[in-house]
Structures are given as C-alpha cells and as structure tokens.
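Remarks on the overall topology
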Amino acid sequence: MPVAPSPLHVMAGVLRRHDGQVLITERPAGKHLGGCWEFPGGKLDPGEAPRDGLARELHEELGIRLVAAEPMLALPWRYDSKELLLDTWLVVAWQGAPQSLEQQALEWVMPADLAPERLAPADREILRHLLGS
Ligand SMILES: Nc1nc2c([nH]c(=O)n2[C@H]2C[C@H](O)[C@@H](COP(=O)(O)OP(=O)(O)OP(=O)(O)O)O2)c(=O)[nH]1
Ligand SMILES: [Mg+2]
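Residues numbered from 1 in each chain as written. Chains lettered and ligands numbered in written order. Predicted model: local features only at pLDDT ≥ 70, side-chain atom pairs only at ≥ 80, totals over all residues. Heavy atoms only, no water.

1. Details of the pattern of salt bridges
The condition that has to hold: The salt bridge criterion pairs a side-chain nitrogen of Lys or Arg with a carboxyl oxygen of Asp or Glu, the two atoms within 4 Å. Each helix is a run of H or I in the DSSP string that is no shorter than four residues. Each strand is a run of E no shorter than two, and both are numbered from the N terminus. Only protein chains enter the accessibility calculation, which uses a 1.4 Å probe; a residue whose area is less than 20% of its type maximum is buried, one above 50% is exposed, and one in between is partly exposed.
Under the counting rule described, the total for this entry stands at nine salt bridges. One salt bridge in this structure joins E38 and R27, with 2.7 Å as the shortest N-O distance. Taken together, the residues E38 in strand β3 (residues 37-38) and R27 in the loop between β2 (22-26) and β3 connect sequence positions eleven residues apart. The exposure class assigned to E38 is buried, which follows from its relative accessible area of 16%.

2. Structural notes on the site of ligand 1
The line we're drawing: Any residue with at least one heavy atom within 4 Å of a molecule or strand is counted as near it. We call two N or O atoms a polar contact when they sit within 3.5 Å, provided that within protein one can donate a hydrogen and the other can accept it, with sequence-adjacent residues counted only if both atoms are side-chain atoms. Accessible areas in this description were obtained via Shrake-Rupley with a 1.4 Å probe; residue shielding takes into account the shown protein chains only.
Contacts to ligand 1 come from 21 residues, most closely from H32, F39, K43, Y79 and D123. In the environment of ligand 1, an oxygen atom lies 3.4 Å from a nitrogen or oxygen atom belonging to the side chain of E61. Compared with its free state, where it exposes 620 Å², ligand 1 has 83% of that area covered by protein. Listed by contribution, the elements that provide at least two residues to the shell around ligand 1 are β1 (8-15), β4 (41-43), α1 (50-62), β6 (83-95) and α2 (121-132).

3. Quick notes on the coordination of the magnesium ion (ligand 2)
The condition that has to hold: Here the term donor refers to an N, O or S atom within 2.8 Å of the metal (or 3.2 Å for Na, K and Ca), and because water is left out of the atoms, sites may appear incomplete.
The magnesium ion (ligand 2) binds to the protein through G41 (O) and E61 (OE), with metal-donor distances spanning 2.2 to 2.3 Å. Of this pair, G41 sits in strand β4 while E61 sits in helix α1; the two residues are 20 residues apart in sequence, bridging distant segments of the chain. We classify G41 as buried; its relative accessible area is 10%.

If you want it as structure tokens, here you go:
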C-alpha cells in the first residue's frame, strides 16, 4: 500500500520588537509561493530539534542569533503540491540586526497594518492569531 508522505516540518519565526512591529520577508520569484511575504524560517533538517532548526534558519537568512523564543502556533497546511506543518514560534529576543543575507526583501510592519493578501496563504492564519492575541 502506498505510504502518504509525512508533512514537511517548516519552522517560521515571528520576530516581534518591543514596539509591536513584526518582521516579514519576501519569497524569491521562482520559488514555491514566490512573491508572497512570509515569516523567516525554513525546513527542519532530519533529526533536528525545532528550536535548533529555527535558530539555524534565522542565522542563515538574517544573520541573527536567537536568544528567546516560544512555540506560538503549529499550523497544519496543505498546498496543491505539498503538505506541511508550519511550526510558528514567537521570537522576542535576538542578537544582531536582521540583514537580508539571501537577497530577500525585509519589512517591519504592525500586524494591524498588514494586508493579509500580501502573505502566503498559511501565514494569513498566523496573522489572524497575532491580531487576536
Ligand atoms: N519559511 C517559511 N515557509 C513558509 C511560510 N509560510 C508558508 O506557507 N511557507 C511554506 C513555503 C514553502 O513551501 C515552505 C518552506 O520551504 P522553503 O523551501 O522556503 O524552505 P527553506 O527556507 O528551507 O528553503 P530552501 O533552503 O529549500 O531554499 O513552507 C512561512 O511563514 N515561512
Ligand atoms: Mg526559508
């Protein structure tokens, strides 16, 4: 019997500054959901702990060191082509200023000012969660 592929475990970090702004990044054209904005992160490596994977991705993409983060929302999601678990953490402390190390555009926004249509579809759920908390 065919075995369903297990969902891809994807880490996403919501960096939230003291003034309430959160960091969003633009997915490069040509990648899945290219041009959509998302929360920085990426796929967990096999055997990697979620917090370690989140820290690795934030370091690779933004050059920061994760200092304090907690799980916020584990969101199962299905796109046409793939099924994923979007493991979203709230990141409240880090070292260094986020830089665009992969040529991705970065933007700090107040969640209340963010138009949901700009985001990857799954991230609209994350935004809803942020607005309700
Ligand atoms: N990182 C991230 N991925 C998201 C978010 N929302 C969302 O739907 N996704 C999807 C897009 C992709 O299908 C998948 C992440 O895969 P990816 O290929 O971008 O991961 P990665 O950063 O490890 O990229 P790469 O090294 O393979 O280029 O999760 C989000 O907020 N952050
Ligand atoms: Mg990524």
